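# Structural overview for review
Each chain, written out:
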Amino acid sequence: MKDRPLRILTAVAAFDGHDASVLALNRALLEAGRALELIYLGFNMRSEQIALAALQEGADAVAVSSYNGGHLEFFPHLLRRLRQLGLAETLLFGGGGGTILPQDEAQLEAAGVEKIYGPGWSLTAAAKDMLERTLAARQGRPGPPDPGQELALSLASGPARAARRAWAESGRSRTLLVAGEGGSGKSTLIDELVRRFLAAFPAMRIAILANDPTLKRGGGETALLADRVRMNSIYHARVWMRSVATGSPYAPLSPALPTMLDALRGADFDLILMETPGTGQSGLDASALGADVLLAVKTRESGSGLQLHKDQLLRDADLVALNKADQEGARAAFGELQGFLAESNPGARLFPVIAKAAGDPGLDALFAALCGRLGREPEGPAAAAFPAALFVLVPHGRRAYLAEIASNVRAYDAWVSGQLQQLRQHPEDPGGLDPACARLLDQWPQLWQRLSRQAAEAQGIAPVAETQSGYRLPRVALPDPRDKLESLRFLLEEGLPGQFPFVTGLHPYRHLRGGETTRQFAGLRGPEETNRRLHLLANGVARPRLSIAFDGITLYGADSDEDEGSAGKIGEGGVAIDSWEDMKRLLAGFSIPEISTSMTINGPAPVILAMYFVAAFEFERERCEKEAGAPLSEAEEQALRKRLLGELRGTVQADILKEVQAQNESIFQPDFAIRLLGDVQQWFIENGVRRFYSLSVSGYHIGEAGATPAQELAFTLANGFTYVENFLSRGMKIDAFAPSLSFFFRVSHEAEWLAFGAVCRKIWAIALRDRYGASERSQHLRFHTQTSGRALQAQEWDSLNPLRLVHHALLGLLADTNSLHVDSADEPMTTPSQKWVRQAGLIPNYLREEAEIFLIQNLLSGSYAFRTLMAELQQEILAEFERIDALGGVGPATELGYQRRAIAESSARYEAQRSRAPGEEPRRRIIGYNVFELPEGHPDKFPEVAELARCSPQERELQLARVRNFKARHRKDGPEALERLKQVARGEGNVFGELLTTVRHASLGQICGALAEVGGRFRKMV
Ligand code: B12
């Protein structure tokens, strides 16, 4: 008999979305050549949830990655929870790159963690080691080989029995089989049904058996069991879920299912839901399972009438759900299904549902009918109405926007080469040129003269800069006007700085001093400590540009006191903000109208932004009252508010699409989250907020999650165009919002970074001009750049990372970025300490003030290498636009997980390339990491980190006390404010407008909880 495959459960720790390593680890485990069933839980998993899943899944080992700090508290808490559930023998593995220091590693292993894999381990080696350790541990205690018997045993275990005793209701188990193709949304639908069952029947006990296929890969038979990722409702005392592998590649269902069903029935579950694997279920015989109700899940892709006639499941089904009913074409599919069922299975009932939406009426109707069939409640209304279109990200008529933009850009290039060809063929007769080109050429000699002087003088800048050796360099290097062909090429392909297509930059002349471009990311410990860091960074800077990092708890819209096991994460990796009062502490001592503040916050962005606005207002009010020596009248307050709104400057990231695709900080159902974002922008327009960017469309996180440069740029620009389409569809005018959009990219070691700024500015400008008819200001693509953190290494970080940083910063400046953050050399281990922040902050100043090349603004103009790279990168980006277009645009592609998969594949490739297999040449050479390395144990290999930015227990206690105190003070007014907010969110009102009041009465966690009740919680994706 075959040995039972190992069952390993992987997850990312609570309030942590760093899943790049665990996703690549999953792949390495599945490719390691062993029989394995891998259960993946997803990111942001609390220790209670992980331990419960380990119990229910019968896991031999649990592997958790933790990057957002607090590991010294989190892992021991998880170990305690595992032991409490009787899982003392389940091995616990961990990793978190350089953030888990060698001394932490030793401490955690001494506390009972089997092994922490530090930055010296490649993922392939870590996976192999984990499997060997797990196998060795299991050999000492072989369990029953049959998964059904094993499930029965775990159900009979102490903790499971104790839980069952607490369950009140008993009766006959009913079984519901949910069948449908892969991608039809079965897991989402099951989760929504479970949520409704739990709410409607307070004593009902539910078990779920989710089947997934076993595949042959990497020399072993393995299964990736990831249904838990999609499910939010299963971590509940009355729910037991087991992920089941089919056991062999061609089996439609696990042969152990009947024994498993018996075990669950024996354990008195009231309702057992079985989910079929979806793919490869051609041989599925549902009748063998004796289900009481068969629910078939279909989508518009389920096929035409002919296909339907071949589908036995549809003939047997009691209920049929047409999921994703909001998609174009679903109505027609509904009609076909209706016709088929009327003819072939008249007893079945059909429901159009949108499982992803919160409180979908179609799903409510299906639920009512299901209750009826399970003998619980009368059936609902006989007919289920087809839903009116819900939230529409991009209207159907404009769905081809990305393909159209790609052709706009290609058309521009074709027009340029046509013009150049014309001039090449008739150099003396430019009359055949487009009149605009002829004019450009005509004016060029004078413009050339003027550019060297007047434009520069207008900005108080000398047009010519002198080097220390006495060379007189032009600030903008331009082609000789006598060379007409080259002049026209330059003007059309690159443009003068400040002129379409803005390849050489948005502004005619850039200031020489470097201070303007820096915007260092800061956030550590409590609000006061971060405030001190912000003052340090702003010291001596005329108009400080702050950039705030929030801790994991804040990023997930929770309160510091929400989860005991994650208390160690308070103030780690960013500042802890629970209420508007914390925001005020954070900004103390700054003159708000004089600063510009960038906030890296996404899911809870509207709430944090409202806190910022309220804190800013309170500061100004206090200042005015102090000056006047009296409280402000209502009219004065109004006037102050109006003035301040026009003055507030900054950016809030708020880019939900890239959260779903890469950074994993979504907290609401994406459609609802994007509506909130639109509310902010609408409110800005209506209330004269002109200097605050409501959205920073971010590629950085896509890149750091593992995307190639071209993927990062393409996905990000595509996201940007999607927001444009969405805002237009809400009736906003392009020139009212386009200038408020900004972008955020990474720079790293790949050659493509030499051309990224130029290509992105060009694509944006052409699209905004030619497709959207936008003004010149709207055609400007403004972006912030940050050097890549993932390119930095823990090995010899103090001497080697600075080399990388200077190179990356150089590329950022060559791209004429509008602002730049240079990472610190100690980035792989901790929030940057002061010494390394200073070094990082001064790198751009070194490049622009001490080094001389940046005296010339358009250093790359005319270079063959630059132009070749531009052409290649542009081609790759446009091809990616077309791939996304073929999937229906950014919204549908994101829902399908296209970008996530593409990023994860590139990320795993990157890790494999940098992996150091003994005796093999690495495919990606990284100095000091896989080539030119110091020997193991060398004192300089992992230099000590002198200053760790970790929150002290006292600071944590202070934060906990503050949030508890805030909630206590608002016990009465808080609930009323939250109720009002929910009303606005349910209706058509502007949620941001209401939030400006709500934040004065409720904490971040309370507000996000209330909004999630209305809009639905985010459902993770693999
Ligand atoms: C990539 C990255 C991101 C990406 C994450 C994308 C994603 N989907 O994963 C983005 C840009 C989105 C991001 C965001 C943030 N990040 Co970040 N991020 C990193 C970075 C650069 C690399 C981490 C990584 O994934 N490396 C790739 C892996 C494969 O390699 P590795 O880390 O060397 O790990 C090796 C081994 O340890 C082992 N391993 C790792 N994990 C595990 C797990 C198991 C079970 C096993 C067996 C092995 C194993 O495998 C690797 C093999 O070589 C680090 C800094 C750094 N250079 O390490 C910061 C870092 C982890 N981030 C940090 C922070 C603070 C954040 C933010 C909170 C910032 C903010 N306030 O907004 C956000 C939070 C995001 C979130 N949702 O939680 C801090 C954490 C600081 C701390 N703990 O004190 C770091 C250290 C940077 C810094 N110095 O500030 N980040």
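Now for a quick tour of the structure. (Residues numbered from 1 in each chain as written. Predicted model: local features only at pLDDT ≥ 70, side-chain atom pairs only at ≥ 80, totals over all residues. Heavy atoms only, no water.)

A few words on the overall build of the chain. Scanning the chain for helices and strands turns up 37 helices and 25 strands. Against the compact-globule benchmark of 31 Å for 1022 residues, the chain has a radius of gyration of 30 Å, which places it among compact chains. A buried classification covers 60% of the 1022 residues belonging to the chain. Of all intrachain contacts in the chain linking residues separated by at least 6 positions in sequence, the fraction that spans at least 24 positions is 78%. About 39,000 Å² of surface is accessible on the chain, with carbon and sulfur atoms providing 52% of the total. (Helix = DSSP H or I, 4+ residues; strand = E, 2+ residues; numbered from the N terminus. Rg over C-alpha atoms; globule rule 2.2 N^0.38 Å. Buried < 20%, exposed > 50% of the residue type's maximum accessible area, 1.4 Å probe, protein only. Contact = heavy atoms within 4.5 Å. Areas by Shrake-Rupley, 256 points an atom, 1.4 Å probe, with all protein chains shown as cover.)

Protein coordination of the cobalt atom of the ligand rests on one atom only, H18 (NE2), at 2.2 Å. Within the fold, H18 resides in the loop between β1 (6–12) and α1 (20–30). (Donors = N, O, S within 2.8 Å, 3.2 Å for Na, K, Ca; no water.)

Glancing now at the site of the ligand. Close to the ligand lie 49 residues; H18, Y67, W121, E827 and T830 are nearest. The contact in question runs from an oxygen atom of the ligand to an N or O atom on the side chain of N68, over 2.9 Å. Between the ligand and G789 there is a distance of 2.9 Å, counted from a nitrogen atom to a backbone nitrogen or oxygen. Every element with two or more residues in the shell around the ligand is listed here: α1, β3 (61–65), β4 (91–95), α5 (123–139), α22 (656–663), α24 (700–704) and α33 (898–914). Grouping the constituent residues of the shell around the ligand by class yields 21 nonpolar, 20 polar and eight charged. (Near = heavy atom within 4 Å. Polar contact = N/O pair within 3.5 Å; in protein donor to acceptor, adjacent residues only side chain to side chain. Nonpolar A, V, L, I, M, F, W, Y, C, P; charged D, E, K, R; others polar.)

Counted under the stated rule, the structure contains five cavities of 30 Å³ or more. Along the wall of the largest cavity there are 20 residues; nearest its centre are V503, T504, L814, N858 and L860. If you list the elements that add at least two residues to the lining of the largest cavity, you get α27 (756–771) and α29 (797–814). No other element matches α27, which puts three residues into the lining of the largest cavity. (1 Å grid on protein atoms, 1.4 Å probe; cavity = no way out; pocket = protein on both sides within 12 Å on 5 of 7 lines; lining within 4 Å. Points joined across faces, edges and corners; volume = space filled by probe spheres on them.)

On to the sheet that holds strand β23 (residues 741–747). Strands sit in the order β22-β23-β24-β25 across an open sheet of four strands; the sheet is parallel. Edge positions in the open sheet fall to β22 (695–698) and β25 (819–821), since each of these has one partner strand only. Here the strands of the sheet are splayed against their neighbours by 25 degrees on average, with no regard to which way each runs. Here β22 pairs with β23 via four bridges, running parallel. (Pairing = 2+ DSSP bridges. Axes fitted to C-alpha atoms, helices over the stretch in contact; angles between N-to-C directions.)

The next subject is helix α23 (residues 670–686). Taking 1.5 Å per residue, 17 residues should reach 24 Å; α23 reaches 24 Å between its end C-alpha atoms and fits that length. Across the 17 residues that make up α23, a large majority, 14, are buried. Two residues or fewer after α23 comes G688, characterised by a positive phi angle close to 70 degrees. (Expected span 1.5 Å × (residues − 1).)

Locating R265 in the fold gives a position in helix α9 (residues 257–266). Look at R265 and you get partly exposed, because its relative accessible area is 29%. For the pair R265 and E994, spaced 729 residues apart in sequence, the C-alpha separation works out to 49 Å. Side chain to side chain, R265 and T175 meet in a polar contact 3.1 Å long.

Glancing now at the packing of helix α35 (residues 973–986) against helix α36 (residues 991–998). The relative placement of two packed helices comes down to the angle between their axes together with the axis-to-axis distance. The geometry of α35 relative to α36 is characterised by a closest axis approach of 9 Å and an angle of 175 degrees between their N-to-C directions. Taken as axis vectors, α35 and α36 run roughly antiparallel relative to one another. Counted together, A977, L978, R980, L981, V984 and A985 of α35 and V991, E994, L995, T997 and T998 of α36 form the full contact between these two elements. Classifying every residue of the contact of α35 with α36 gives seven nonpolar, two polar and two charged. (Parallel < 35°, antiparallel > 145°, perpendicular 65-115°, else oblique.)

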